[in-house]
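If you want the building blocks of each chain, they are given just below.
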Amino acid sequence: MQSSCKKQKKTVISEHVYALEFQEEVSKHWQEGTPIKKDNLEMITEPFRVCRISNFLDNELLEKLKEDVQKVPSRRSDIDLYRFEHTEDLANVDATSVRALRDAFTNDIVSWMERNTGIELDGKVSMASSKYIDGDYLLCHDDNMGDRRIAYVLYLTKNWLPKDGGALELFNKDKDGSPKNVVYSLLPEYNSLVFFEVTENSYHQVAEVTSDKTRLSVNGWFHGPIDERKPKNSKRSEIPEPPLFDPEENVKVKLQEMINELYLKPSTIEQIQENVEQESYVFLSNFFKKDLYQKISEEIASKNIKWTKVGPADLRNYETASEDSFSDELKRFLSLFRSIEFFRLLKGYTELDLEPSEDIDKDCGPKGSMELQRWTCGDYTLMSDKLSSDQNMSMSWTNNMKRDRFNKDPKEFENSCRSKYNDDGCKGATNSPKQAGGSDTVCATTKKTTEEKSNSTLTPRAAQPSSARSSDYDDSDVSDIGDYLSDQDDHLEDSGSNESSSQNALEPGTLDVILQFHTGHLWETETIDYMEPEQQDGALITIPAEDNHLCLVYRTQGTTRVHRYVSHREKEFFYNLVCTYHEQSEAPENAD
């Protein structure tokens, strides 16, 4: 009976894995935290312990396993953090090779892991299959969720090369425990098992696949008692925000010399304000005068500007500009966004309280912030589900955001405005462009009929709405070494509270103002999305990449601005100017 059992082991897991000398070597280097690299074994100790066992499975089983897992029904996922294809848990798959692998993991490898790592397990094993093709990726995450104790992946693709991408990349951490830089990469070696302990700092990612090969794996976790020794990410700092500025009254700017005169007309301002009120955002084409915008575009792409990479990697990855490296021309242009004149214009567009009152303390007055960003392949921002408690509150937008939008040429927009307003600038009888018989005038926000859409040559490049993260993650939603998410319940506890929603609706408004440069080469999927973590039906707003379009988005606290991952196909830089404006707030009654 023992002989039969031993023989079965050899037909599933390679014999060297069970050899006493091999296990002692694994245990020694794991427990002592010492690296080693030799035939069939590699132990990495920095930035955290990772073990790779080569030639893990019997070759005959391996070939059958590759064939069988590709027959299992799978679904493709594409959200802010990952894009790849995966199966449900393989527990109910009846294929002989899959059953043999599951039995080996449950009956033998669980005890093998406990014995050689010293990590207490409970016998539960999650197992699924993942498939990555050209352009697929899984960005920085830590797998630290629930009772996951050891993450693993078994690679099933032959002849993988560095140029193919798709490496398992490990991040070091900064003094606060946040992921910083990729410091180690492991190629998906055929028939190798890679595993590591799931901890609060086991940050890793699957780099984007950059070839037409298919990266296939079986992956999941060994589960065990939850480790209560240390609260997750308890010392992480808030992401530093750009410094706030007050509206500057001594800045000399002439709006009419910079901005398309259409957008300074009272009737247009009223039209924009109505659209912001109805839709919570507006998208204004050709906002700046052509010659000025072209000049600024050249200045922003100058090699003289100093750029600094910002993180942490599990939330964002792009560069910001150092203001002291700006040319005089660029400084003059950016001063517009700090000027009292621009604050007043935004007040006209939105009716937000953005003009300081004479009788209010300066600290309570309206504020703004500004960040000039440079983007290229590999850059992204993610839905911020790891912010501070104040930032992490659920929120409700004051208006229902729409995904449908289209551009209008300034002249066409002017004509549209005339059709909506009488000659004296007063509103006509129709209050809403959506009402039957009313004008269909919009500021790149409201819906067009199917016929109008098909006949229009002015619509922007279509952008696919992104999928919001689902709140019902379980072990079937696995990725290469695991689904990254922290427990959704941790930050959605009060998302259904009517009291919370009403409080948020009363909060001072926040206005994002976004201007983009050098976007002509971008793919349609590289968009800026506004999302709520608890929403499961996609982005509330999707902003396509368009030059010289000023986008205004009104929101309250909690909604996340997500810039989708930039594919390796993009070889050039593009730029975002992101300004955020805060309404003035009333000082407390008992304030000194």
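Attention here is on the structure that accompanies the text. (Residues numbered from 1 in each chain as written. Predicted model: local features only at pLDDT ≥ 70, side-chain atom pairs only at ≥ 80, totals over all residues. Heavy atoms only, no water.)

Our next topic: the pairing of strand β5 (residues 82-87). Walk down a regular strand and you will see the side chains alternate between the two sheet faces. For β5, the buried fraction is high: 5 of the 6 residues fall into the buried class. By the bridge criterion, 5 bridges tie strand β4 (residues 74-78) to β5 in an arrangement that is antiparallel. Counted as the bridge partner of Ser77 is Phe84 from β5. Hairpin geometry of β4 and β5 is characterised by an intervening segment of 3 residues between the two adjacent antiparallel strands. The pairing of β5 with strand β7 (residues 137-141) spans 2 bridges and is antiparallel. Paired with Arg83 across the two strands is Tyr137, which belongs to β7. Judged from the 2 bridges that link them, β5 and strand β6 (residues 125-132) form a sheet pairing that is antiparallel. (Buried < 20%, exposed > 50% of the residue type's maximum accessible area, 1.4 Å probe, protein only. Helix = DSSP H or I, 4+ residues; strand = E, 2+ residues; numbered from the N terminus. Pairing = 2+ DSSP bridges.)

This part covers the packing of aromatic side chains. What describes a pair of aromatic rings is the distance from one ring centre to the other and the angle between the planes of the rings. Taken as a whole, this structure holds 25 aromatic pairs when the rule is applied. Taken together, a centroid distance of 5.0 Å and an interplanar angle of 65° make the contact between Tyr82 and Phe84 edge-to-face. On the numbers, 5.7 Å between centres and 0° between planes, the contact of Phe105 with Phe222 is stacked. Here the residue Phe105 occupies a position in helix α5 (residues 96-117), and Phe222 occupies one in strand β13 (residues 215-223), the gap between them amounting to 117 residues. A relative accessible area of 1% means that Phe105 is categorised as buried. For Phe222, a relative accessible area of 0% translates into the label buried. Site record: aromatic cluster; members linked through ring pairs are Phe245, Tyr263, Phe287, Phe288, Phe333, Phe337, Phe342, Phe343 and Tyr581. Over the aromatic face of Tyr132 sits the side chain of Arg215, whose NZ or CZ is 5.2 Å from the ring centroid. (Phe/Tyr/Trp six-rings, centres within 6.5 Å; stacked < 30°, edge-to-face > 60°. Lys NZ or Arg CZ within 6 Å of the ring centre and 35° of its normal.)

Turning to the packing of helix α8 (residues 290-300) against helix α9 (residues 328-335), a few remarks are in order. At a closest axis distance of 9 Å, the pairing of α8 and α9 adopts a crossing angle of 120°. Taken as axis vectors, α8 and α9 run oblique relative to one another. Judged by the sense of rotation from one axis to the other, the crossing of α8 with α9 is left-handed. Contacts between α8 and α9 involve Leu292, Lys295, Ile296, Glu299 and Ile300 on the former and, on the latter, Glu329, Leu330 and Phe333. Classifying every residue of the contact of α8 with α9 by side-chain character gives 5 nonpolar, no polar and 3 charged. (Axes fitted to C-alpha atoms, helices over the stretch in contact; angles between N-to-C directions. Parallel < 35°, antiparallel > 145°, perpendicular 65-115°, else oblique. Left-handed = near helix turned anticlockwise from the far one by under 90°. Contact = heavy atoms within 4.5 Å. Nonpolar A, V, L, I, M, F, W, Y, C, P; charged D, E, K, R; others polar.)

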